[in-house]
Amino acid sequence: MRGAGLYRQETKVPPPIGEIRLKEWVFPLLLSALLIAIVGIPYWDAYSRQSATEKFMGLVGTDAIDDNNVYLGLMRQASEGRALFTNNFTPEPNPPALFNFLYLSLGRLSGWMGWSLDFTHRLFGAVSIVLLVLTAYSFIATAIRRPFYRRFALVLACFGGGMLWVSRILLRFTGHDLRPVSNWLVELNLFHAMIVYPHFIFAAALMTGSLALLLKSERVRRFGPAVAAGCCAAALASSHAFEAVAFVPIAGMYLLLDWLAMGRMPGWNRLKSVAIVLGLPLGMLFFNHLILAREPRWGDVVSRLNFATPEPFRLGMGLGASFIVAMLTFDGFLRIRRPSGERMAKAWVLTVLILAYVPYINWRWHLLNGIQIPLAVLATQGLRRTVFRRILLRRRDRKRTPCLPRSLWAPPGLVAAMGVMLVACCLSTANHFLSYRHEAKLVGAPTYLPTTELAAMDWMNRQVSRDALVLASYPIGNYVPRLSGQRVFIGEDMLTNEIEARQRDIRLFYSEDWDDSKRVGLLHLFGIDYVYYGPDERKLGSYDPDGAAFLTRVYDDGGIKIFEVKGAAADARTSTPTVAGGGMP
């Protein structure tokens with residue numbers, strides 16, 4: 001029981017665990033609007049700096065632009081009527097095979113409404129932020145009763161993550177580099193993902209909503225919320241399957257912890273709810289597995305996502321102050337009187353931290369997406385039972401009156417403690433924000449493209465078949481599938497098969513080290529239809545394809561030339577061999 005006098009008298013009793021009153025939604029909605037405004041500032045900076053010769057391409061974050069061009073390329077295919085997607089970033093022909101509910105829906109919406117892909121993508125980012133904040137608040141409410149602490153946990157979840165500021169201070173004054181992971185492992189910081197990867201936010205919202213609905217199904221003892229949770233999880237599995245792979249064992253770990261804490265097996269109705277929730281995403285995951293097995297070009301992409309999770313110390317630093325506080329105040333997994341949402345938060349953190357180090361899951365770092373939400377729950381509960389409780393007990397012992405200054409909505413000591421915690425959590429977030437503002441103000445590729453290159457790709461969009469294969473440099477290859485819809489010889493590093501060999505081939509093609517016979521051999525080996533020649537290609541070598549007998553110039557404007565390949569390139573494309581480990585000799 002909580003001690004009398006720890007909290008001031010309230011006109012209304014706090015809602016039961018898991019319930020949210022209508023007035024409570026005002027704060028999450030206001031926080032969503034604030035986040036959308038803050039996240040949009042780097043984009044506004046970039047739009048305001050474009051000129052008549054340089055156009056902002058709608059994406060910020062140099063390291064994230066290539067990935068987002070892939071997603072916008074999928075949206076383009078969907079807007080043009082495709083339900084299954086081809087890999088347009090590799091020269092090998094591949095039939096439409098990939099199904100992605102998210103980008104199919106966004107592409108069709110863009111096509112139906114006549115919106116640009118950039119506008120649809122930014123609108124999707126804003127909607128995803130709202131969904132995440134609302135579902136995160138719903139999940140937090142299953143673990144924390146008082147709205148005051150719920151709001152604190154929500155702010156921690158949205159802004160927390162990373163101890164980048166600590167590593168910078170140590171590096172400056174001691175010369176010791178902790179090699180922080182916060183700047184590249186986006187999954188550890190929801191605010192970071194809001195800026196550069198809206199689909200991460202959408203996936204985190206679906207997983208959080210699914211877990212909150214599962215808990216609601218147990219609380220109200222009805223199957224309706226379980227069905228809704230299963231549908232959310234199925235949508236997650238068909239949009240960003242990595243989190244769905246984590247969702248299934250999280251639910252299983254929650255049941256196991258509950259079983260061990262209660263000392264009895266969950267009832268049949270509860271097991272049925274879990275079966276409903278897990279059955280729908282498992283079916284979609286099996287469907288995805290069949291697709292990847294059927295079309296090796298997409299299966300190879302997944303196999304190339306081989307990034308090791310950082311060692312535990314660096315990962316802990318990347319998780320930030322919420323993780324440190326949660327560990328310092330941890331009170332065990334099997335406390336009987338803890339709310340179900342808190343047990344689910346413990347199951348979430350425990351499961352993904354275990355899976356993050358399973359060696360045969362090569363994309364294991366993706367499973368950390370959204371982890372700031374359960375960490376915020378555990379950190380808030382830990383602080384509430386230790387530091388915050390001690391502050392309130394001291395205040396009671398001093399026999400202060402329960403009245404507070406009107407400018408404060410809590411005891412000053414409690415406000416100060418919360419402020420310190422929020423500052424410790426949010427400093428790294430401020431660093432990300434300022435870094436992206438700085439990048440957005442630097443007018444140049446890949447954030448901006450010259451209008452001459454945009455005009456060339458607009459011509460390709462109107463004049464060149466979607467089935468054509470285009471030889472271009474890496475920077476241009478990352479934009480062609482998005483802006484004009486053709487397949488490219490080299491593009492995003494994870495989607496291009498044998499990218500090292502393709503980089504060597506294109507470097508030699510534009511250099512003087514090859515003669516025309518080798519160039520023709522490369523063009524016909526892969527069935528290349530068009531050769532793109534612009535400023536980025538000139539940087540690769542001194543070869544000028546303008547006088548080549550095997551090429552016909554079909555576009556020449558603003559320093560950009562596009563050549564059509566003579567001969568049987570299109571016929572060769574139907575029987576292109578698999579080239580592994582090499583390319584042209």
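Residues numbered from 1 in each chain as written. Predicted model: local features only at pLDDT ≥ 70, side-chain atom pairs only at ≥ 80, totals over all residues. Heavy atoms only, no water.

(A) Representation of the environment of Pro93 within the structure. Its place among the elements puts Pro93 in the loop between helix H2 (62–79) and helix H3 (101–113). Taking C-alpha positions, Pro93 is 22 Å from Leu508, a pair spaced 415 residues apart along the chain. (Helix = DSSP H or I, 4+ residues; strand = E, 2+ residues; numbered from the N terminus.)

(B) Focus on the side chain of Thr142. Mapping Thr142 onto the fold places it in the loop between helix H4 (117–141) and helix H5 (147–159). Under the relative-accessibility criterion, Thr142 is labelled buried at 3%. Leaving out residues up to four positions away in the same chain, Thr142 has contacts with Ile17, Gly18, Leu215, Arg219, Pro339, Ser340, Gly341 and Glu342. (Buried < 20%, exposed > 50% of the residue type's maximum accessible area, 1.4 Å probe, protein only. Contact = heavy atoms within 4.5 Å.)

(C) Structural detail: the pairing of strand S5 (residues 530–533). Here S5 shows a buried face lined by Tyr530 and Tyr532 and a second buried face lined by Val531 and Tyr533. Bridge count between strand S3 (residues 469–471) and S5: 2 bridges; the pairing is parallel. Along S5, the bridge assignment pairs Leu471 with Val531. For S5 and strand S7 (residues 560–565), the ladder comprises 4 bridges, and the chain directions are antiparallel. Bridging across to S7, Tyr530 finds its partner in Glu564. (Pairing = 2+ DSSP bridges.)

(D) Representation of helix H8 (residues 198–220) in the model. For H8, which comprises 23 residues, the first-to-last C-alpha distance of 32 Å matches the rise-based estimate of 33 Å (1.5 Å per residue) to within 8%. Across the 23 residues that make up H8, a large majority, 19, are buried. One or two steps after H8, the chain reaches Arg221, where phi turns positive at roughly 60 degrees. (Expected span 1.5 Å × (residues − 1).)

(E) Up close: the sheet that holds S5. The strand order across the open sheet built from 5 strands is S4-S3-S5-S7-S6, with neighbouring strands paired in mixed fashion. Bordering the open sheet on either side are strand S4 (487–488) and strand S6 (551–557), each of which pairs with just one other strand. Strand direction decides the pairing type here: S3 and S4, joined by 2 bridges, are parallel. In the sheet register, Val470 faces S4, and the bridge partner there is Val488. The strands touched by helix H19 (residues 451–463) within the sheet are S3, S5, S6 and S7, with S7 carrying the most contacts at an inclination of about 30 degrees. (Axes fitted to C-alpha atoms, helices over the stretch in contact; angles between N-to-C directions.)

(F) Looking closely at unusual backbone geometry. Following Ala445, the chain continues to Pro446 via a peptide bond in cis, the omega torsion being 0 degrees. Although it is not a glycine, Glu498 adopts a positive phi angle of roughly 50 degrees. With respect to the helices and strands, the residue Glu498 is situated in the loop between S4 and helix H22 (499–509). Overall, Glu498 belongs to the partly exposed group, its relative accessible area being 27%.

(G) Spatial organisation of the nonpolar core. Counting residues in hydrophobic clusters, the biggest one holds 155 residues, and the most contacted among them are Leu35, Phe139, Met421, Met460 and Tyr532. Tallying contributions element by element places H8 first for this core, with 12 residues. Core analysis: the next-biggest nonpolar cluster, separate from the first, contains 22 residues, Ile499, Ile506, Leu523 and Phe550 among them. (Core = buried A, V, L, I, M, F, W, Y, C linked by side-chain atoms within 4.5 Å.)

(H) The arrangement of the pattern of salt bridges in detail. Applying the stated criterion across every chain yields a total of 23 salt bridges. Linking Arg338 and Asp331 is a salt bridge whose minimum nitrogen-to-oxygen distance equals 2.7 Å. When the shortest N-O distance is used, the salt bridge between Arg462 and Asp458 registers 3.2 Å. Highlighted residues: Arg462 and Asp458, both in helix H19, separated by 4 residues, approximately one helical turn. Arg462 sits in the exposed class, given a relative accessible area of 52%. What emerges from the salt-bridge pattern is a single network uniting Asp331, Arg338, Glu342, Lys346 and Arg385. (Salt bridge = Lys/Arg side-chain N within 4 Å of Asp/Glu carboxyl O.)

(I) Spotlight on the confidence of the model for the protein. Confidence in the prediction for the protein averages 86 pLDDT; 90% of positions are at 70 or higher. Residue range residues 1–5 is modelled with pLDDT below 50. Its contacts to residues more than four positions away, or to other chains, number 7 contacts. Here residues 403–408 scores under 50 on pLDDT; set against residues more than four positions off or in separate chains, the count is 8 contacts. (pLDDT = per-residue confidence, 0-100.)

(J) The environment of Ile38, seen in detail. Structurally, Ile38 is set in helix H1 (residues 26–49). A sequence separation of 157 residues divides Ile38 from Ile195, and the C-alpha atoms of the two residues are 9.1 Å apart. Excluding its chain neighbours within four sequence positions, the residues that come into contact with Ile38 are Phe191 and Phe433.

(K) Local environment of the pairing of S6. Direction of pairing for S6 relative to S7: antiparallel, over a ladder of 6 bridges. Directly across from Leu551, in S7, lies its bridge partner Val565. Taken together, S6 and the strand that follows it, S7, pair antiparallel across an intervening segment of 2 residues, in which Gly558 is found at a positive phi of about 60 degrees.

(L) Region of interest: helix H16 (residues 372–385). For H16, built from 14 residues, the straight-helix expectation of 20 Å at 1.5 Å per residue is met to within 8% by its first-to-last C-alpha distance of 20 Å. Among the 14 residues in H16, 12 count as buried, and that is most of the element. Of all the residues in H16, the buried ones are Gln372, Ile373, Pro374, Leu375, Ala376, Val377, Leu378, Ala379, Thr380, Gln381, Gly382 and Leu383.

(M) Focus on the packing of aromatic side chains. What the rule picks out here adds up to 21 aromatic pairs. Their ring planes at 5 degrees and their centres at 5.3 Å tell us that Tyr71 and Tyr103 sit as a pair that is stacked. Of the two residues, Tyr71 is situated in helix H2 and Tyr103 in helix H3; the sequence distance between them amounts to 32 residues. For the pair Tyr71 and Tyr103, a shared accessibility class is recorded, and that class is buried. Through a chain of ring-to-ring contacts, the aromatic side chains of Tyr43, Tyr47, Phe56 and Tyr448 assemble into a single cluster. The aromatic ring of Tyr43 is capped on one face by Arg122, whose charged end is 3.9 Å from the ring centroid. The cationic tip of Arg151 hangs over the ring face of Phe27; the distance from NZ or CZ to the ring centre is 6.0 Å. (Phe/Tyr/Trp six-rings, centres within 6.5 Å; stacked < 30°, edge-to-face > 60°. Lys NZ or Arg CZ within 6 Å of the ring centre and 35° of its normal.)

(N) Examining the packing of H8 against helix H9 (residues 224–237) more closely. The interhelical angle for the contact between H8 and H9, taken along N-to-C directions, is 165 degrees, at an axis separation of 8 Å. The orientation of H8 with respect to H9, classified from their angle, is roughly antiparallel. In the packing of H8 onto H9, the handedness of the crossing is left-handed. Together, Ala203, Leu206, Met207, Ser210, Leu213, Leu214, Lys216, Ser217 and Val220 of H8 and Pro225, Ala226, Ala228, Ala229, Cys232, Ala233, Ala235 and Leu236 of H9 make up the contact between the two elements. A per-class count over the contact of H8 with H9 returns 14 nonpolar, 2 polar and 1 charged. (Parallel < 35°, antiparallel > 145°, perpendicular 65-115°, else oblique. Left-handed = near helix turned anticlockwise from the far one by under 90°. Nonpolar A, V, L, I, M, F, W, Y, C, P; charged D, E, K, R; others polar.)

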